[in-house]
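Breakdown of the fold
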Amino acid sequence: MIRASVISLLCLVLVPAHAAARPAGPPLVSKKTQVRDLPAIRSSKVLRVLVNQSRNSSGEMKGEATGIEYRRLQAFESYLNSHARDGQKVSLKLIPKAKDQLLAALQRGEGDIVAPGELLDSSAALNVEATDPVVSAVPLVLVGVKGERGFKHIEQLSGKTLMLTNGSAADEAVLQLNQRLTLRKLPPVKIEWVDPSLAVEDVLEMVQAGIYHLTVVEQPIAERWARIMPKLRVDRSLTLSAHSDMNWFVRRDASQLHDAINTFLDTYKTPANQEVAFQKAYKDLYQVHNPLAQGDRQRLESLRPVLQRHADAQKMDWLDLAAMAFKESALNPAAKGGSGATGLLQITPSAARRVGVDNIHDVDGNVQAASRYLAMIRRKFFSSPKINERERVAFSLAAYNLGPERVQSMRAEARRQGLNPNQWFFQVERVAMEQVGMGVVSYVNSVNKYYLAYDQERDALESVSPRKMTKRQ
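Just so it is clear, the model here is predicted, and its values are computed rather than measured.

With that settled, consider the nonpolar core. Counting residues in hydrophobic clusters, the biggest one holds 116 residues, and the most contacted among them are Tyr282, Leu307, Trp424 and Tyr454. If you tally residues by element for this core, the top one is helix α17 (residues 439-455), at 10 residues. Once residues lying within four places of it in the same chain are set aside, the contact partners of Trp424 are Glu391, Ala394, Phe395, Ala398, Glu429, Ala432, Val440, Val441 and Val444. Listed in part, the 25 residues of the second largest apolar core include Val90, Val134, Ala254 and Tyr268.

Taking 1.5 Å per residue as the helical rise, helix α8 (residues 255-267) with its 13 residues ought to reach 18 Å, and the 19 Å between its terminal C-alpha atoms agrees with that figure. Regarding α8, the residues found buried are Leu257, His258, Ala260, Ile261, Asn262, Phe264 and Leu265. Along its buried surface, α8 packs onto α2 (38-44), α3 (68-82), β5 (113-115), β6 (128-130) and β14 (249-251).

It is worth spelling out helix α15 (residues 404-416) at this point. Here α15 spans 19 Å end to end across 13 residues, near enough to the 18 Å set by a 1.5 Å rise per residue. Within the sequence span of α15, burial applies to Pro404, Val407, Met410, Arg411 and Ala414. Along the axis of α15, the buried positions cluster into a sector of 115 degrees, meaning they face one direction only. Those residues of α15 that are buried lie in contact with α13 (363-381), α14 (389-402) and α16 (424-436). Gly418 lies just past α15 and shows a positive phi near 85 degrees.

Right, let's get into the layout of surface pockets. The space that makes up the second largest pocket amounts to roughly 450 Å³. Along the walls of the second largest pocket sit 26 residues, with Gln53, Ala98, Pro196, Ser197 and Phe426 positioned nearest its centre. Contributing elements (two or more residues each) for the lining of the second largest pocket: β4 (91-97), α14 and α16. Considering every element that reaches the lining of the second largest pocket, the biggest residue donor is α16, with 3 residues.

Two elements in contact, α16 and α17, have axes whose closest approach is 9 Å; the angle formed by their N-to-C orientations is 145 degrees. Listed contacts from α17 to Trp424, Phe425, Glu429, Ala432, Met433 and Val436 of α16 are Val440, Val441, Val444, Asn445 and Asn448. Tallied by class, residues from the contact of α16 with α17 come to 8 nonpolar, 2 polar and 1 charged.

In this section: empty space enclosed by the protein. Counted by the stated rule, this structure contains 5 cavities of 30 Å³ or more. Considering only enclosed or pocket space, the largest cavity measures out at about 90 Å³ in volume. What lines the largest cavity is a set of 15 residues, and nearest its centre among them are Thr165, Ser168, Val200, Val216 and Val217. For the lining of the largest cavity, the secondary structure elements donating two or more residues are β9 (161-164), α6 (200-209) and β11 (215-218). Here the lining of the largest cavity takes 4 residues from β11, the largest share from any one element. Its residues assigned to classes, the lining of the largest cavity shows 9 nonpolar, 3 polar and 3 charged.

Turning our eyes to something else, we now look at the packing of aromatic side chains. Under the defined criterion, the tally for this structure stands at 16 aromatic pairs. Pairing Phe264 with Tyr268 gives two aromatic rings, centres 5.2 Å apart and planes at 45 degrees, and the pair type is tilted. Assigned by exposure class, Phe264 and Tyr268 land together as buried. Taken together, the ring pairs connect Phe76, Tyr79, Trp248, Phe264 and Tyr268 into an aromatic cluster.

In terms of residue burial, strand β1 (residues 46-52) counts as a mostly covered element, since 6 of its 7 residues are buried. Pairing of β1 with β4, which is carried by 7 bridges, proceeds in the parallel orientation. Across the sheet, the residue bridging to Asn52 is Lys97, located in β4. Taken together, the 3 bridges between β1 and β5 define a ladder with parallel strand orientation. Its bridge partner being in β5, Val51 is matched across the sheet by Ala115.

A few words now on the pattern of salt bridges. As enumerated under the stated definition, the model contains 26 salt bridges in all. We note a salt bridge from Glu118 to Lys99, for which the minimum N-O separation is 3.1 Å. Taken as a pair, Glu118 in the loop between β5 and β6 and Lys99 in the loop between β4 and α4 (102-107) lie far apart in primary sequence, 19 residues in all. Both residues of the pair, Glu118 and Lys99, belong to the buried class.

What follows deals with the sheet that holds strand β8 (residues 140-145). Pairing is antiparallel across the open sheet formed by 3 strands, whose spatial order is β11-β8-β12. Both edges of this open sheet fall to β11 and β12 (232-239), since each of them pairs with a single strand only. Taken pair by pair, the neighbouring strands of this sheet meet at an average axis angle of 40 degrees, ignoring direction. For β8 and β11, the ladder comprises 4 bridges, and the chain directions are antiparallel.

Cut-offs used in this document
- Residues numbered from 1 in each chain as written.
- Predicted model: local features only at pLDDT ≥ 70, side-chain atom pairs only at ≥ 80, totals over all residues.
- Heavy atoms only, no water.
- Core = buried A, V, L, I, M, F, W, Y, C linked by side-chain atoms within 4.5 Å.
- Buried < 20%, exposed > 50% of the residue type's maximum accessible area, 1.4 Å probe, protein only.
- Helix = DSSP H or I, 4+ residues; strand = E, 2+ residues; numbered from the N terminus.
- Contact = heavy atoms within 4.5 Å.
- Expected span 1.5 Å × (residues − 1).
- Arc of directions from axis to C-beta.
- 1 Å grid on protein atoms, 1.4 Å probe; cavity = no way out; pocket = protein on both sides within 12 Å on 5 of 7 lines; lining within 4 Å.
- Points joined across faces, edges and corners; volume = space filled by probe spheres on them.
- Axes fitted to C-alpha atoms, helices over the stretch in contact; angles between N-to-C directions.
- Nonpolar A, V, L, I, M, F, W, Y, C, P; charged D, E, K, R; others polar.
- Phe/Tyr/Trp six-rings, centres within 6.5 Å; stacked < 30°, edge-to-face > 60°.
- Pairing = 2+ DSSP bridges.
- Salt bridge = Lys/Arg side-chain N within 4 Å of Asp/Glu carboxyl O.

See below:
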């Protein structure tokens, strides 16, 4: 018995720290805040719901609910209003937060319910209670791409790298797996935390493209997105943890709200057309390609001097221009688009003239015009120090695609809705989805993914081969 305890302790000590080094969210606060129970919610006529920043969980596209959790929340809203007295009907107010910030926001009183749409561990959160299961016994499964090696035994994951979003439930599962691998003297599984601009579905898209190789997600989520991304391989026979429940969460003192949710969940039936509607909403939108395939890498190398020169002139990252060029033209300088857009960066003649460039039909003029136009947009509309650099690029891309004045109006609408007007990803993009659909959202997301793919290979892309160095000398 003592020996077993010692071995368990050694496992915990020997497990490499990086496998569990999840980027921390805000601390789970213990400060006493006012709790709104159901009577106060009815009186205010607003049910504030903290939701995960994911199109899987919540979203609306041109008036149509798209997120799976959003449909459940709408049904709960109807349930509450069917039991309303004296006209005290409530309406939903969705408050999107990063997953690892949801419970802390609930504790601070920023919302009444947390509806993550994914597995969420509340063990460290004080005065927070889980509702009855929204989905019971959910396994975590490995997801790769078809055509690559599948996995049947967890030992086969030794030495592999998993790409995970912040707050992923796989963090703890990998910690436990590495304890087992350490006992067997096998290399641990590594975790690489992806950029915060990526949600679960974005990581899955990058896996399908071959940019990332492996990730771990909840099986219902993997199955749902695999119907939209048919190249995904879901290793259903390999689960990384004991099956846990998906729940909503409320403050412990909100007992009436808690009881109402449980009563609702006891009778709630998933709409028969839910998955069909989800597929219809996102079909053909998640199709990024690997920009680092051999032929594309060679094309990028030939274009690198002109991209770097004009990016440097505008104080931009040349990989932002490269990612945009891959999205706009697949790095084809002869590409033709609609409305007169042409060339590597699909700039229009009118946009080019605004920044003093007449010839957009050769590569140099095309890149010069597009980089100047992007720089003008950044400087004129998105120069505020309240906007961080990656968000600034996202806003500029959205404005390049949709028009800067339109994006500014979306920021104003985001502010009216209580969203962060200085954050495109998961905030202002929600307004874009509501107003114009997924077109501009998909555009910005795709360019962002190509940038992240390039950025992880920056050293190799920016290095000069010995052969080319010899030629220059």
